[in-house]
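Now for the letters of each chain:
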Amino acid sequence: MPDIDMDALLAQREEATGSADTFAFTFAGQRWFAKDPIMADDDWKTELAELASDVEVAEHYLGAEQYERFVEAGGRNGVVLLAVREYTKRLQDEDAHGRPTPRSASSDKRRKR
């Protein structure tokens, strides 16, 4: 099995999103950028672990200035947390080649009915 070229992977990600450590999501017709919980630096992760409320966590993911604009656009902390959950779920659903994992045979049978 060939090595994973992390330099190429991070460069590709940075080209696509403008950052190697954030991900984008759309809410209220606007594009928002949240910190990738996997690629964030250690200090950011330590600060995240020390937060007590969902509001603080959501603000930490977006940054204070962007979170303020997000709330003004009608957003709330639950939307940010849901975006993070969906993002991490999608990462888990992709295999090493960036393709969704194969469907199970049982789900194929249900679809044919």
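Look above for the structure.
In what follows, the accompanying structure is described. (Residues numbered from 1 in each chain as written. Predicted model: local features only at pLDDT ≥ 70, side-chain atom pairs only at ≥ 80, totals over all residues. Heavy atoms only, no water.)

## Focus: the nonpolar core
Most often, soluble globular proteins keep nonpolar side chains buried together rather than apart. Our working rule: Among the buried residues, those of types Ala, Val, Leu, Ile, Met, Phe, Trp, Tyr and Cys that are joined through side-chain atoms within 4.5 Å form a nonpolar core. Buried means the residue's accessible area, taken with a 1.4 Å probe over protein chains only, is under 20% of the maximum for its type, while exposed means over 50%, and partly exposed covers the values in between. Strands are runs of DSSP state E lasting at least two residues, helices are runs of H or I lasting at least four, and both sets are numbered from the N terminus onward. Any two residues whose heavy atoms approach within 4.5 Å are treated as being in contact.
Phe 23, Phe 25, Tyr 61, Leu 62, Phe 70 and Val 80 are the most contacted members of the largest nonpolar core, which has 18 residues in total. Where this core is concerned, the elements lending two or more residues are strand 1 (22-27), strand 2 (30-35), helix 2 (42-49), helix 3 (54-62), helix 4 (64-72) and helix 5 (77-93). For this core, the element with the highest residue contribution is helix 5, accounting for five residues. Excluding anything up to four places from it in sequence, Val 80 contacts Ala 58, Tyr 61, Leu 62, Tyr 67 and Phe 70.

## Considering the packing of helix 3 against helix 4
Test applied: Angles shown run from 0 to 180 degrees and are taken between the N-to-C directions of axes, each axis being a line fitted to C-alpha atoms and, for helices, limited to the stretch in contact. When an angle is under 35 degrees it counts as roughly parallel; over 145 it counts as roughly antiparallel; between 65 and 115 it counts as roughly perpendicular; any other value is oblique. Crossing handedness is defined as follows: a turn of the near helix away from the far one that is anticlockwise and smaller than a right angle gives a left-handed crossing, while the clockwise case is right-handed. Residues are grouped as follows: Ala, Val, Leu, Ile, Met, Phe, Trp, Tyr, Cys and Pro are nonpolar; Asp, Glu, Lys and Arg are charged; all remaining types, including Gly, are polar.
Here helix 3 crosses helix 4 at 115°, and the two axes come no closer than 6 Å. Judged by the inter-axis angle, helix 3 sits roughly perpendicular to helix 4. Crossing geometry of helix 3 relative to helix 4 is assigned as right-handed. Along its contact with helix 3, which presents Val 55, Ala 58, Glu 59 and Leu 62, the element helix 4 presents Ala 64, Gln 66, Tyr 67 and Phe 70. Across the contact of helix 3 with helix 4, the residue classes break down as six nonpolar, one polar and one charged.

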